Amino acid sequence: MKKLLPLGLISMLFTLSVSSCKNKVVEEIKPERPNILFIMSDDHTAQAWGLYGGILEDYVHNPNLKKLAAEGTVLDNCLVSNSICTPSRATILTGQYSHINGVKILDAGLSPQYNNIAKELQKGGYQTSIVGKWHLKQEPAGFDYYAVLPGQGEYHNPIIKTKDNWQDYYEGGKQYEGYSTDVVTNMTIDWIKNRDTKKPFMAMCHFKATHEPYDYPERFAHLYKDQEIPVPDSFYDNSASTTGRSFLGQSMDNLMQRYLDATANPELRKDFMNYPGLPFSVDGLTKEEARYKTYQKMIKDFMRSGAGVDDNIGRLLNYLEDAGLAENTVVIYTADQGYFLGEHGWFDKRLIFEESIRMPFVIRYPKEIRAGARNKDVIENVDFSALFADYADIDYPKDMQGKSFRENLKGNTPNNWREYGYYRYWDHSKDRPGHFGIKGKRYKLAFFYGNGFKGAAQKQFWDFYDLEKDPKELHNAYNDEEYQGIIKEMKAEIIKKRKALGDTDENNQEVLQIIEKYWDN
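What counts and what doesn't
Residues numbered from 1 in each chain as written. Predicted model: local features only at pLDDT ≥ 70, side-chain atom pairs only at ≥ 80, totals over all residues. Heavy atoms only, no water. Helix = DSSP H or I, 4+ residues; strand = E, 2+ residues; numbered from the N terminus. Rg over C-alpha atoms; globule rule 2.2 N^0.38 Å. Buried < 20%, exposed > 50% of the residue type's maximum accessible area, 1.4 Å probe, protein only. Phe/Tyr/Trp six-rings, centres within 6.5 Å; stacked < 30°, edge-to-face > 60°. Pairing = 2+ DSSP bridges. Contact = heavy atoms within 4.5 Å. Axes fitted to C-alpha atoms, helices over the stretch in contact; angles between N-to-C directions. 1 Å grid on protein atoms, 1.4 Å probe; cavity = no way out; pocket = protein on both sides within 12 Å on 5 of 7 lines; lining within 4 Å. Points joined across faces, edges and corners; volume = space filled by probe spheres on them. Core = buried A, V, L, I, M, F, W, Y, C linked by side-chain atoms within 4.5 Å. pLDDT = per-residue confidence, 0-100. Lys, Arg positive; Asp, Glu negative; His and termini not counted. Salt bridge = Lys/Arg side-chain N within 4 Å of Asp/Glu carboxyl O. Polar contact = N/O pair within 3.5 Å; in protein donor to acceptor, adjacent residues only side chain to side chain.

**Examining the overall build of the protein**
A tally of helices and strands in the protein yields 13 helices and 18 strands. Over its C-alpha atoms the protein spans a radius of gyration of 25 Å, differing by no more than 12% from the 24 Å that the globule rule assigns to 521 residues. Dimensions of the protein along its principal axes, counting C-alpha atoms only, are 115 × 55 × 40 Å. Counting the 521 residues in the protein, one finds 58% classified as buried.

Here it is in structure tokens:
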């Protein structure tokens, strides 16, 4: 006769078997962490996307952006907290505002010892890479692989720096043949192809385009050849007195002079003054005609450069699809800030005005993000790091200041979500003074403390705009009686924000004195 197992032992073996099965089920149903492909261009402002309306909507070449938007969600109120390249990039990486991470102006850099979200993702089991524009001076840290441009880099046959040939700031690297946006895309795809497929990845693909000098690939040189592009309504604005604003801004006429200087002196055609299509002349033209000709050159070059970006977004999306990665990859396309394309007669960025402060942003994740949707919540670039951490299922460092907007993207905005984004421009010039303020869905209020510095162009300190009635910010309504109640509330909100975020100027007596003297002006 066969020996029977004791009843107790049978019971124990059954329990262990069930427990083992349960563990296997738990392991099998645990969600797979998504890959993250973060694509960012430079200055590719919302007006030139064709997804946000405007006078350029029917001119821009954007089939791949349209595809991405149709399959994902577009943010309508994504804001930069300091509208200039280096500080914006530092905030995205560190999850901290400029006054915390110390990268306040263009000339600052980020130490490799400083923590960033790439380091946190690495610790959480992700492979990480960054290819393209870095602009943070010192060696990238937190990346398993990096291949970055020195400074702004070149549009054609760019020098690219890797770990093998790194030198700080603008030295080091080797030359790669081709147009910069194409080269950066090639290297990003190559890295994804050769990654460790057992781990999820986070790849940052950063284009130099569409930064000045707005150069483009030869395949798009024919675009707009015989077309006239319309100008913004405020294009011939020549004075702060026309709108009552508190600053001058950088005139399109300054860009005209750069074109003329680069034409006259080839030595200037280095870095950002190596404009395509020179020589340029305004001989025999009136001032308004010269400005119009400058705009036509700039806007066509800008959109041609943007066409090269769209082209490469398509290449990246096609690769993910062909490699079977599209379903489980979060794809983001954004720009490091906005940019003026002739509005108010300006070019460049730096200001709290809409064209400068708004970051265009589209995100696709088929598993949970709504397709063809738009989100109007106030999102800031400080939040990107928190979103990455949320998708990666890792702890978000307590000293990072962002908030994940993953639920917002699903259509589940938290009840306590912010009403206003905080902005501060730390650099200072006579035409673009230092300022801070807040921006909500309808109202914007900014204090131009830089007008209290010696040699200021104006002695006016406040700008207020009702973006529902005045979306193009053509009337500073700070003194209008109907808004005094909301202005009072917003001044209190600015003080509250500054305290909560730690931007109090406690060690800057000059700014504190200006605030005390002119806050109630």
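**A short note on the packing of aromatic side chains**
Within this structure, the stated rule accounts for 39 aromatic pairs. Between the aromatic rings of Phe436 and Phe447, the centroid separation amounts to 5.7 Å while the plane-to-plane angle is 45°, which identifies the pairing as tilted. Of this pair, Phe436 sits in strand E16 (residues 435–439) while Phe447 sits in strand E17 (residues 443–447), placing them 11 residues apart in sequence. Overall, the relative accessible area of 0% leaves Phe436 in the buried class. Exposure remark for Phe447: the relative accessible area of 0% places this residue in the buried category.

**Focus: unusual backbone geometry**
The omega torsion across Ala209 and Thr210 is 10°, close enough to zero to call that bond cis. Backbone torsion omega between Glu212 and Pro213 reads 20°, so that peptide bond is classified as cis. As for its placement among the helices and strands, Pro213 is situated in the loop between strand E8 (201–206) and helix H7 (252–264). The phi dihedral of Asp43 is positive, around 70°, even though this residue is not glycine. Even without being glycine, His135 reaches a positive phi, approximately 65°. Tracing the sequence through the fold places His135 in the loop between strand E4 (127–133) and strand E5 (145–149).

**Here we look at the sheet that holds E8**
Strand order in the open sheet formed by 10 strands is E7-E6-E5-E4-E8-E1-E9-E12-E2-E13, with mixed pairing between adjacent strands. In this open sheet, the two strands that pair with only one neighbour each are strand E7 (174–175) and strand E13 (373–375). Here 6 bridges tie E4 to E8, and the two strands are oriented parallel to one another. Note on E8: the bridge partner recorded for Ile130 is Met204. In the packing of helix H3 (residues 85–94) onto the sheet, contacts are made with strand E1 (35–41), E4 and E8, and the angle to E1 comes to roughly 170°. Across the sheet, helix H6 (residues 180–193) touches E1, E4, E5, strand E6 (159–162) and E8, and the angle it forms with E8 is around 170°.

**Observations regarding the layout of surface pockets**
By rolling a water-sized probe across the atoms, one finds the places where empty space is left. Within this model, the largest pocket holds a volume of roughly 720 Å³. Tyr52, Glu355, Arg358, Pro471 and Lys472 are, among the 27 residues lining the largest pocket, the residues nearest its centre.

**With respect to the sheet that holds strand E18 (residues 462–466)**
Pairing is antiparallel across the open sheet formed by 4 strands, whose spatial order is E15-E16-E17-E18. Two strands bound the open sheet, and with one partner strand each, they are strand E15 (421–425) and E18. On average, each strand axis in the sheet is tilted by 15° relative to the strand beside it, whichever way the strands run. Relative to E17, E16 is paired through 4 bridges, and the arrangement is antiparallel. Across the sheet, residue Lys439 finds its bridge partner in E17, namely Lys444. Where helix H13 (residues 509–518) meets the sheet, it contacts E15, E16, E17 and E18, and its direction lies at approximately 120° from that of E17.

**Topic: the nonpolar core**
By size, the foremost hydrophobic cluster in this structure holds 59 residues, and its most contacted members are Ile363, Phe384, Phe388, Tyr391 and Phe405. In terms of residue count, the dominant contributor to this core is helix H10 (residues 384–392) (6 residues). Contacts of Phe384, omitting those with residues within four sequence positions, involve Phe38, Cys78, Ile92, Thr334, Met359, Phe361 and Phe405. Core analysis: the next-biggest nonpolar cluster, separate from the first, contains 38 residues, Val131, Ala147, Tyr155 and Ala209 among them.

**Here's the deal with the confidence of the model for the protein**
On average, residues of the protein carry a pLDDT of 93, and 94% of them reach 70 or more. Taken as a whole, residues 1–29 scores under 50 in pLDDT and shows 1 contact with residues more than four places along the chain or in a different chain.

**A closer look at H3**
Burial runs high along H3: 10 of the 10 residues are buried. Residues of H3 that are buried include every one of Cys85, Thr86, Pro87, Ser88, Arg89, Ala90, Thr91, Ile92, Leu93 and Thr94, and no others. On its buried face, H3 sits against E1, helix H4 (98–101), helix H5 (117–123), E4, E8 and H10. Positioned one or two residues after H3, Gly95 has a phi angle of 70°, which is positive.

**Let's talk about the side chain of Glu343**
Structurally, Glu343 can be placed in the loop between strand E10 (340–341) and strand E11 (347–348). One buried charged residue, Glu343, remains without a salt bridge, the closest side chain of opposite sign being Lys472 at 9.0 Å. There is a polar contact of 2.6 Å between the side chain of Glu343 and the backbone nitrogen of Leu341. Excluding its chain neighbours within four sequence positions, the residues that come into contact with Glu343 are Gln47, Pro232, Ser234 and Glu355.

**With respect to the environment of Asp261**
Along the chain, the position of Asp261 falls in helix H7. Each C-alpha atom, one on Asp261 and one on Pro279, is 9.9 Å from the other, the two residues being 18 residues apart in sequence.

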